[in-house]
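# Report on the structure
Now for the letters of each chain:
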Amino acid sequence: MESSSPLSMHQPLYRRQDDSASAAAAKPSSTPNRKSFAAAALRAPSFKEDTYFASELRHSEKKALSDLKAGLASLAPAASMWGIPLLSGDDRADVILLKFLRARDFNVPDALHMLAKCLAWRKEFGADEVAEEELAGFEELEGVVAYMNGFDRFGHPVCYNAYGVFKDKEMYRRFFGGDGEEDGEEKLKRFLRWRVQVLERGIKLLHFKPGGVNSLVQVTDLKDMPKRELRVASNHILSLFQDNYPELVARKVFINVPWYFSMVYSMFSPFMTQRTKSKFVISKEGNAAETLYKFIRPEYVPVQYGGLSRPSDLQDGPPKPASEFTVKGGEKVNIQIEGIEGGSTITWDIVVGGWEVEYTAEFVPNAESSYSIAVEKPRTVAAGEVAVRNSFKSPEAGKLVLSVDNTASRKRKVAAYRYLVRKSSAVV
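Per an unreviewed UniProt entry, the protein chain goes by the name CRAL-TRIO domain-containing protein and belongs to Cuscuta campestris. Reading the Sequence similarities (unreviewed entry) entry of the UniProt record for the protein chain gives the comment "Belongs to the patellin family."

As structure tokens, then:
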């Protein structure tokens, strides 16, 4: 039988200790001593998403919207996008049209030209149908190269991009063609179609309504990305998305950023608008978890980036929420999960961003005459290891203690855990 609310039935207690000598004297606290990650996210330089409420538009913006509709009526009165008729008077249509206007600073002729070109491209490309297509040969890229995974803290769907797999020459040749191969252009077209498919499926998660979630978050992993080989594909993707998907990205997070990328960004940053720069987040290699936790809850961050999300987790609905905490440099944290009944099975996930800490798990029986059980012996977890997931069936009533020892480091690290207790169904 599954516990309906394991957090309330088995409330964890925290002991924080600066060294092993003070462990016995440390008093447990019912709440962790940690920063609010939501507050940290709000303090970060952030793009403020437009609400799209008509009442908040300036007079000039309302007039621009009206003029755009008049221009569209003369060009394509039956035009629609993402299943929404653009001249229906629907609030959803206004959200889409305002995106094109904002992309062109409310210059109506420029916005109308952009919109007309986009409508023509969508018809030629078959963009309305691509989301439902089965594109053979791309199965191995799903969940690896470009994929939707969960939401950020404000409900935006998150799209992850990681092109490091194409560092392998054979992998690159299969999807883009090699030198002198005649089918290289055709392969690029197929890849672009697959990449548009990923985006179109993500757009289906948007609300397209005033005050709703009307944009995505893009996370791009630059680790091992072959710059020269992917230059053509990257330029095609960038141009295609800029021309046909305006104002659909609320934030662009770059992780595992090499040193030279930061230099290039600093060179071009002065030429960007403040609105554009406010969407960018740059995170150097090794800081992925700390950066992503500011914007995305750990249960939605993929395990390869220091989160708890595994591909199979989202198949059964929303994931179980995680508890977040920080481990300061020179500190040891014990998480005590109490109230575990005999015969119950406890399953837990735990991760520390960047690891390089000592981790152990121990079951401590309530009975003084019983001995503690080393569920997971002390070991140093390497930086590249993903979250630990384990289960233990308690032989008797007691508590599980998860320990994270960061006393060998001075670096503060973000961390998260979650657990589920299932009571025994045996009839005694």
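This brings us to the packing of aromatic side chains. Counted according to the given criterion, the structure contains 23 aromatic pairs. Residues F166 and F176 carry aromatic rings whose centres are separated by 5.1 Å and whose planes lie at 75° to one another, so their mutual orientation is edge-to-face. Of the two residues, F166 is situated in the loop between β5 (157–162) and α7 (169–176) and F176 in helix α7; the sequence distance between them amounts to ten residues. Looking at F176, the relative accessible area reads 8%, which means it is buried. An angle of 55° between the planes, with centres 4.8 Å apart, marks the rings of F176 and F191 as tilted. Residue F176 is found in helix α7, and its partner F191 is found in helix α8 (residues 184–203); the two are separated by 15 residues along the sequence. Here F176 and F191 have matching classes, each one buried. An aromatic cluster of three or more residues is present, and its members are F138, Y163, F166, Y172, F175, F176, F191 and W194. The cationic tip of R102 hangs over the ring face of Y52; the distance from NZ or CZ to the ring centre is 4.8 Å. Across the ring face of F125, the terminal group of R193 is positioned such that the distance to the ring centre comes to 4.6 Å.

Moving on to the side chain of N256. Checked against the element boundaries, N256 lands in strand β7 (residues 249–257). There is a polar contact of 2.9 Å between the side chain of N256 and the side chain of D221. Those residues in contact with N256 that lie beyond four places of it in its chain are D221, L222, K223, S283, K284, E285, G286 and Y305.

Take the sheet that holds strand β11 (residues 345–352) next. As summarised here, the arrangement of the four strands in space is β9-β16-β11-β14, forming an open sheet in which the pairing is antiparallel. Strands with a single pairing partner mark the edges of an open sheet, and in this sheet they are β9 (323–327) and β14 (388–393). Ignoring strand direction, the axes of neighbouring strands in this sheet form an average angle of 25°. Relative to strand β16 (residues 413–422), β9 runs antiparallel, the two being bridged by five bridges. Looking across to β16, one finds that T326 is bridged to V414.

Analysis parameters
Residues numbered from 1 in each chain as written. Predicted model: local features only at pLDDT ≥ 70, side-chain atom pairs only at ≥ 80, totals over all residues. Heavy atoms only, no water. UniProt positions renumbered as here; feature names shortened; annotations may be inferred. Phe/Tyr/Trp six-rings, centres within 6.5 Å; stacked < 30°, edge-to-face > 60°. Helix = DSSP H or I, 4+ residues; strand = E, 2+ residues; numbered from the N terminus. Buried < 20%, exposed > 50% of the residue type's maximum accessible area, 1.4 Å probe, protein only. Lys NZ or Arg CZ within 6 Å of the ring centre and 35° of its normal. Polar contact = N/O pair within 3.5 Å; in protein donor to acceptor, adjacent residues only side chain to side chain. Contact = heavy atoms within 4.5 Å. Pairing = 2+ DSSP bridges. Axes fitted to C-alpha atoms, helices over the stretch in contact; angles between N-to-C directions.

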